[in-house]
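Chain residues, written in single-letter form:
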Amino acid sequence: MAQPLHYFLFILILLPSLMKIDAFLDEIPSDTRNQLDLHAMIAQVCMDVEDHNTCLANIQNDIVKHGPPTPSSVVTAALRATLNEAMGAIDKISKFSTFSISYREQVAIEDCKELLDFSVSELAWSLGEMRRIHVGDKTVDYDADLQAWLSAALGNQDTCLEGFEGTDRRLQGYISGSLTQVTQLISNVLALYTQLHSLPFRPPANKTRLASDQSSEQFPKWMTEGDQELLKSRPQGVHADAVVALDGSGHYRSIAEAVDAAPSQSNRRYIIYVKKGIYKENVDMKRKKTNIMFVGEGIGKTIVTGNRNFMQGWTTFRTATVAVSGKGFIARDMTFRNTAGPENHQAVALRVDSDQSAFYRCSIEGHQDTLYAHSLRQFYRECEIYGTIDFIFGNGAAVLQNCKLYTRVPIPLQKVTITAQGRKSPHQSTGFIIQDSFILATQPTYLGRPWKQYSRTVYMNTYMSGLVQPRGWLEWAGNFALGTLWYGEYKNYGPGSSLARRANWPGFHIIKDAATANYFTVQHFLHGDSWLPATGIRFTAGLTN
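Residues numbered from 1 in each chain as written. Predicted model: local features only at pLDDT ≥ 70, side-chain atom pairs only at ≥ 80, totals over all residues. Heavy atoms only, no water.

**Details of the state of the cysteines**
Phase 1 of the analysis: For the structure on display, the rule yields two disulfides.
Phase 2 of the analysis: The partner cysteine of Cys46 in its disulfide is Cys55, sulfur to sulfur 2.1 Å. Disulfide Cys46-Cys55: torsion about the S-S bond near -85 degrees, hence left-handed. Summarising the burial analysis for this pair, Cys46 and Cys55 share the class buried.
Phase 3 of the analysis: The disulfide that involves Cys112 links it to Cys160, with 1.9 Å between the sulfurs. (Disulfide = S-S within 2.5 Å. Buried < 20%, exposed > 50% of the residue type's maximum accessible area, 1.4 Å probe, protein only.)

**Quick notes on the packing of aromatic side chains**
Phase 1 of the analysis: On inspection of all chains with the given rule, the structure shows 19 aromatic pairs.
Phase 2 of the analysis: Measuring from centroid to centroid gives 4.6 Å for Tyr386 and Tyr406, while their planes differ by 15 degrees, and the two rings are stacked. Highlighted residues: Tyr386 in strand E13 (residues 384–387) and Tyr406 in strand E16 (residues 404–407), separated in sequence by 20 residues.
Phase 3 of the analysis: With a centroid separation of 4.2 Å and an interplanar angle of 20 degrees, the aromatic rings of Trp473 and Tyr487 are classed as stacked. Highlighted residues: Trp473 in the loop between strand E22 (463–464) and strand E23 (486–490) and Tyr487 in strand E23, separated in sequence by 14 residues.
Phase 4 of the analysis: Judged by relative accessible area, which is 0%, Trp473 ranks as buried.
Phase 5 of the analysis: A network of ring pairs unites the aromatic residues Tyr459, Trp473, Tyr487, Trp505 and Phe508 as a single cluster.
Phase 6 of the analysis: We note Arg104 situated over the ring of Phe310; from NZ or CZ to the ring centre the distance is 3.8 Å.
Phase 7 of the analysis: Across from the ring centre of Phe317, 3.6 Å away, lies the NZ or CZ of Arg351, which sits over that ring. (Phe/Tyr/Trp six-rings, centres within 6.5 Å; stacked < 30°, edge-to-face > 60°. Helix = DSSP H or I, 4+ residues; strand = E, 2+ residues; numbered from the N terminus. Lys NZ or Arg CZ within 6 Å of the ring centre and 35° of its normal.)

**Some details on the packing of helix H6 (residues 71–94) against helix H9 (residues 169–196)**
For any two helices packed against each other, the geometry is given by the interaxial angle and the distance between the axes.
Phase 1 of the analysis: Direction vectors running N to C along H6 and H9 enclose 165 degrees, while the axes themselves pass 9 Å from each other. Relative to H9, H6 is oriented roughly antiparallel. As for how H6 packs across H9, the hand of that crossing is left-handed. Contact with H6, carried on its side by Val74, Val75, Ala78, Leu79, Ala81, Thr82, Glu85, Ala86, Ala89, Lys92 and Ile93, involves Tyr174, Ile175, Ser178, Leu179, Gln181, Val182, Leu185, Ile186, Val189, Leu192 and Leu196 of H9 and no other residues of that element.
Phase 2 of the analysis: For the contact of H6 with H9, the class distribution of residues is 17 nonpolar, three polar and two charged. (Axes fitted to C-alpha atoms, helices over the stretch in contact; angles between N-to-C directions. Parallel < 35°, antiparallel > 145°, perpendicular 65-115°, else oblique. Left-handed = near helix turned anticlockwise from the far one by under 90°. Contact = heavy atoms within 4.5 Å. Nonpolar A, V, L, I, M, F, W, Y, C, P; charged D, E, K, R; others polar.)

**A word on empty space enclosed by the protein**
Phase 1 of the analysis: With the rule as written, the count across this model stands at two cavities of 30 Å³ or more.
Phase 2 of the analysis: There is about 110 Å³ of room inside the largest cavity.
Phase 3 of the analysis: Lining the largest cavity are 16 residues, and of these Gly155, Thr159, His374, Asn395 and Gly422 lie nearest its centre.
Phase 4 of the analysis: Here the lining of the largest cavity is built from residues that sort into three nonpolar, nine polar and four charged. (1 Å grid on protein atoms, 1.4 Å probe; cavity = no way out; pocket = protein on both sides within 12 Å on 5 of 7 lines; lining within 4 Å. Points joined across faces, edges and corners; volume = space filled by probe spheres on them.)

Keep in mind these numbers describe shape, not what the thing actually does.
Here you go:
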């Protein structure tokens, strides 16, 4: 989209204060100079920011202080400024008095603190990656990392505000005002990064690619013998760092106790073996708990269950029976369940904010909002997911492979929808991909509806039973997002897969070529070949058909 005239006038006004950058620009070939206009980059970082002049001055001073100005140094300076703004927002919200407000509002304020802390972590990770790039680390695969982390950081503030829906408007206004500037800065940095993604300043990534026809039935060559044994063995044969058992035969009687005792910021995999039984508890694994793995004794045998729900006064974010935020979480052979029932509306069984997390042979059971794939990169293999309304939702980058999706009976007048994906910006690298899976609908079912403006969901090589509705997809509200969403179907089969009467929306795509479909595979959409091998979980890197 062309920039308005006042934008270029503003750039001209900035030029005198940015003359220190000119020497660098003179060294850039003329054919790329327009793309690498650092003046425009700085202006873009501060675009629509409330304290505009201070933002410009801070970015300029930061760039000059850290050496010769480059596109990379502009992004780094922008990340530093955004990180500072996010920490300031936490301080503002922390000072708010919770006296004489409702329980849900108190919970929502605590949610906001945690979500902003997520954003601080994700911005800090991004800043650290830019520093590695600056010192010439050619092994950095920062393309996928930065976009994933900034995409998550942008979405956290929305989740914070959603917790206040239906509450006091003055409180909503205070919280919203505290978040406005940090949200705008993250949005600007993400947009700037995306635009520079393919420009010459980007160093080459050193990545190992997998064959796109990786068999899903065999253990791949890259898997270590130990990881193969981890998957081939019965759960009881897995080496564990901690054992949980209801009968007292392990180290702990509850999963939460085992998580609390696990090391923080662990660089190695820490395995918690959970013996069979029904664990009635809510487990919240915080971000400092990294590289933890849950191993159960099988679906329907090791069960963690709760019944938190929206009608009790919880925010949706906080209803989760199990919530995992630490990077590199893995779970296998267990059930995550919320028993609140359809009449209690939002009731999450599993919420995931764990980057590069993986779930193998797990069952995720609930009704409305069962699986909250909230943020960051997630992979599900041979899992079962049950629900009614939007039962896979959030704004993560998630791929479900060889999974079974089961529908349940909703309350009267509700329509069953499988997904509600929450991508809010075209620059976010998020979306839901359902590949080689099975939709086993027992109710009239829709594939998804657009929760946010740029909602993205794709079904590939998936069986669709006859109760998948001919229209396929459902509106959220009127024409909202129908032209900006990106929904796609590729080589699905079964009685509900016919494309003849699908929704005729500008954003719906019948994918006909393998090249387009391949973008939505594990290899390309999750860059899974750089991290999934370490999980020991088998996966298909590309297309199977």
